[in-house]
Structure formats: C-alpha cells, structure tokens
Amino acid sequence: MSRAFSTGHHPLGTDLRMAVVADADDVAHLLSDLGYPCEIDEAAERIAVIADNDRQALVVARRDGAVVGLIALDYMYYLPLGTTTCRVTALVVTPTSQGLGIGRALLREAERRARVGGAARIELTSGAQRTEAHAFYRACGYKDSSVRFVKLLGA
C-alpha cells in the first residue's frame, strides 16, 4: 500500500496527506460529524493503529491549513475474486466544506492508492438513510452492488 504523503495539490487549494497523531482533534470532530462520536484520545489511538498497519490508510484533506475531510481505507484479500479489494471504511467532509470538490478529491486519492496497492476494485458502504451520500457516490461512478447485513457481537 502506498504510505507516502501526497505532495500534489487538489481542487481549490486542498492538499491531501496521511493522518498523523497530531490530527486527533480534527479526526475526532470529523468522526463525530459522521455520526460516530469519538474523543480526542480515542482518535489518537485509532490513527496510531492505522499508521502501524500497512493494510490500512487514513488520508486527511486540508484547506487553508485546516483539516476539512478524511478518508479511511482497508485493503483485504477477497476470496471470491482471488484478489485484493480496497474498502473505504470512512469518508467525511465538514459540512461547511461540502460541495467544494473535497469528497471527490478524497475518492480519487483512494482510487489511486487502491491501484498502487494492487487492488482490483474499490468498495464502500453507506447507511441506508444517507441518501445524499448515495447520490454523491453514484455521481462519482460507484454502482449499487449488494445489501449489507450486520450483527453486533456482545462481550
């Protein structure tokens, strides 16, 4: 997987780079915006776990020096196809920065990293209630593909 920092500039002066533990406050806020409340210390731990795993990546988008979005990736071997799949496990842009091309830039970066990492495809899931996100993903070339079932496991 590509662990290198992205040095290129993206739309509207947005730059993308790998998250570092110092981004924990921004990551905590973004995860909370996405509906997953997270404390700063929890975010720091999550960033560290991802940074130590070469099968995952966490990229942040910065605009005018502030972190305004993130995308998290997980590379997994997919038995049915006998190849690697890259799964987007989180994508969020601050409400005030939506509509500026940042989400598209994050998805393009994810697709670039997936190709570099040898993935044959990229996939994501999105809550059934997130109809605006679904329209966004379709506009970015993603297709409805399956229904996801989840069962929470107790202690």
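All values derive from a computational prediction rather than experimental measurement.

Enquirer: Can you break down the overall build of the protein residue by residue, with the values?
Expert: Scanning the protein from terminus to terminus reveals four helices and six strands. Counting helices and strands in the order they occur from the N terminus, the protein gives β-β-α-α-β-β-β-α-β-α. Computed over C-alpha atoms, the radius of gyration of the protein comes to 15 Å, within 12% of the 15 Å expected from 2.2 N^0.38 for 155 residues, which places it in the range of a compact globule. The C-alpha extent of the protein, read off along each of the three principal axes, is 45 × 40 × 30 Å. For the protein, the proportion of its 155 residues judged to be buried stands at 38%. Here the analysis covers contacts within the protein between residues at least 6 apart in sequence; of these, 57% occur between residues at least 24 apart. A total of about 9200 Å² of accessible surface is found on the protein, and carbon and sulfur atoms cover 54% of it. Within the protein, one finds 18 positive and 18 negative side-chain charges whose respective centroids are separated by 9 Å.

Enquirer: Run through helix α3 (residues 102-116), naming residues and quoting values.
Expert: Taking 1.5 Å per residue as the helical rise, α3 with its 15 residues ought to reach 21 Å, and the 21 Å between its terminal C-alpha atoms agrees with that figure. Of all the residues in α3, the buried ones are I102, G103, A105, L106, L107, E109, A110, E111, R113 and A114.

Enquirer: Report on a negative patch on the surface, specifying residues and quantitative values.
Expert: The grouping of E39, D41, E42 and E45 at the surface amounts to a negative patch. Of note, E39 is situated in the loop between α1 (24-33) and α2 (40-51). Classification of E39 by relative accessible area gives exposed; the value is 53%.

Enquirer: How would you explain the nonpolar core if you had to name every residue and give the values?
Expert: Soluble globular proteins: nonpolar side chains tend toward being buried together. Judged by nonpolar contacts, the single largest core of 21 residues is most densely connected at I71, L73, L91 and L106. The set of elements that each furnish at least two residues to this core consists of β2 (14-18), β3 (56-63), β4 (66-78), β5 (83-93) and α3. Of all the elements, α3 adds the most residues to this core, at five residues. Apart from residues no more than four positions distant in its own chain, L73 is found in contact with R55, Q56, A57, C86, R87, V88, T89, A110 and R113.

Reading guide: rules and limits
- Residues numbered from 1 in each chain as written.
- Predicted model: local features only at pLDDT ≥ 70, side-chain atom pairs only at ≥ 80, totals over all residues.
- Heavy atoms only, no water.
- Helix = DSSP H or I, 4+ residues; strand = E, 2+ residues; numbered from the N terminus.
- Rg over C-alpha atoms; globule rule 2.2 N^0.38 Å.
- Buried < 20%, exposed > 50% of the residue type's maximum accessible area, 1.4 Å probe, protein only.
- Contact = heavy atoms within 4.5 Å.
- Areas by Shrake-Rupley, 256 points an atom, 1.4 Å probe, with all protein chains shown as cover.
- Lys, Arg positive; Asp, Glu negative; His and termini not counted.
- Charge placed at Lys NZ, Arg CZ, Asp CG, Glu CD.
- Expected span 1.5 Å × (residues − 1).
- Patch = residues over 30% accessible without salt bridge, like charges linked within 9 Å, V, L, I, M, F, W, Y side chains within 5 Å.
- Salt bridge = Lys/Arg side-chain N within 4 Å of Asp/Glu carboxyl O.
- Core = buried A, V, L, I, M, F, W, Y, C linked by side-chain atoms within 4.5 Å.

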